[in-house]
Amino acid sequence: MKRDLLAINDFNQEEILGLFEKSVDLKEKRQKGIEHLPLKGKTLGMIFNKHSTRTRISFEVGMFELGGHALFLTGDQLQLNRGETLKDSAQVLSRYLNGILIRTYDHNEVIALAENATIPVINGLTDLNHPVQILADIFTIKEKLGGIEGVKVAYVGDGNNVAYSWMMGASLMGMHLAVACPKSCQPDPVPQLCGNGKVEIVEDPFEAVQNADIIYTDVWISMGQEKDEENKKKLLHPYQINQKLVDAAKKDALVMHCLPAHREMEITTEVLDGKHSIVFDQAENRLHVQKAILEALL
């Protein structure tokens, strides 16, 4: 029976911890130059309706390193943009490929693709959800802190798709998540939560980072929301991750950002390049965790 990854809770806690064990193994193999080709002869179709650096490159390299092949497809290269139904495209792609990665705007499009495809579908990002990012983030926290249960993460900024996915992931994995954002920027809708983690939404960023192990942020203006840029900048300026906010958390708190970063907007250069930052380790781990996901699903 095929498995999809459309949201974090498509896997249970035990399965996610298993993915993390596999990620450690794959990371060590890569560092030691050990060849590992379980996906030899397999092909992943990658549909990108949104631009990408990390998602595209990490999945493409990941398929190559696992012995498979990735096809990069943009919306204007497919008949979907010329009137072919999603159902027809899903059925045709299922005859050619072993899996589909899609990065797009509307989450319902990903759901419909998965419902009509007979091969695994992976959500590479939608306006609602970004599961592969949060899985890599939680893996990074486990790698750095030695565990994840009870770890407090303060998410500060816009309540976007990353915040939404973090709420699901923290609840599922037994973490404590404090989301700090203005009322008008809070996640909407709020996801259905499962697990024994604690999730709270507050308006004061200094309240959120109190006793936090991790301070996390993302861009304030997501793709497709550029018309709201000036309003968002004014609204979210008090939520900038700067040294003053970092100093209000635990002494050894770590700073994360899923990138791309707009320096001096949602985060200062001083913090992004500072001793608390694990941003680039976090970015690297996208590769290792996604390879584990590909091996599990394909």
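See the structure shown above.
A brief report on the enclosed structure follows. (Residues numbered from 1 in each chain as written. Predicted model: local features only at pLDDT ≥ 70, side-chain atom pairs only at ≥ 80, totals over all residues. Heavy atoms only, no water.)

**What to know about the nonpolar core**
Within the largest apolar cluster, 77 residues are counted, with the highest numbers of intra-cluster contacts made by Trp166 and Met175. Element by element, the count of residues in this core is highest for helix α5 (residues 131–145), at seven residues. When residues no more than four places from it in sequence are discounted, the contact partners of Met175 are Ile138, Ile141, Ile148, Gly150, Val151, Val153, Trp166, Ala170, Gly197 and Lys198. Counting 16 residues, the second-largest nonpolar core is a separate cluster that includes Leu78, Leu93, Ile102 and Val121. (Core = buried A, V, L, I, M, F, W, Y, C linked by side-chain atoms within 4.5 Å. Buried < 20%, exposed > 50% of the residue type's maximum accessible area, 1.4 Å probe, protein only. Helix = DSSP H or I, 4+ residues; strand = E, 2+ residues; numbered from the N terminus. Contact = heavy atoms within 4.5 Å.)

**A closer look at the sheet that holds strand β9 (residues 254–257)**
The strand order β7-β6-β5-β8-β9 describes an open sheet built from five strands, whose pairing is parallel. Whereas interior strands pair on both sides, the edge strands pair on one side only; in this sheet they are β7 (198–202) and β9. Ignoring which end each strand starts from, the neighbouring axes of this sheet average 20° apart. (Pairing = 2+ DSSP bridges. Axes fitted to C-alpha atoms, helices over the stretch in contact; angles between N-to-C directions.)

**Brief notes about the pairing of strand β8 (residues 214–217)**
When a strand is regular, its side chains alternate between the sheet's two faces. Every second residue of β8 is oriented toward a common face, with Ile214 and Tyr216 on one face and Ile215 and Thr217 on the other, all of them buried. Where strand β5 (residues 152–156) lies against β8, three bridges are found, and the strand directions are parallel. Within β8, the residue paired with Ala154 across the bridge is Ile215. Sheet analysis places β8 next to β9, joined by four bridges and oriented parallel. Residue Thr217 lies in a different strand from β9, and its bridge partner there is His257.

Function-wise, these values are silent; they only describe arrangement.
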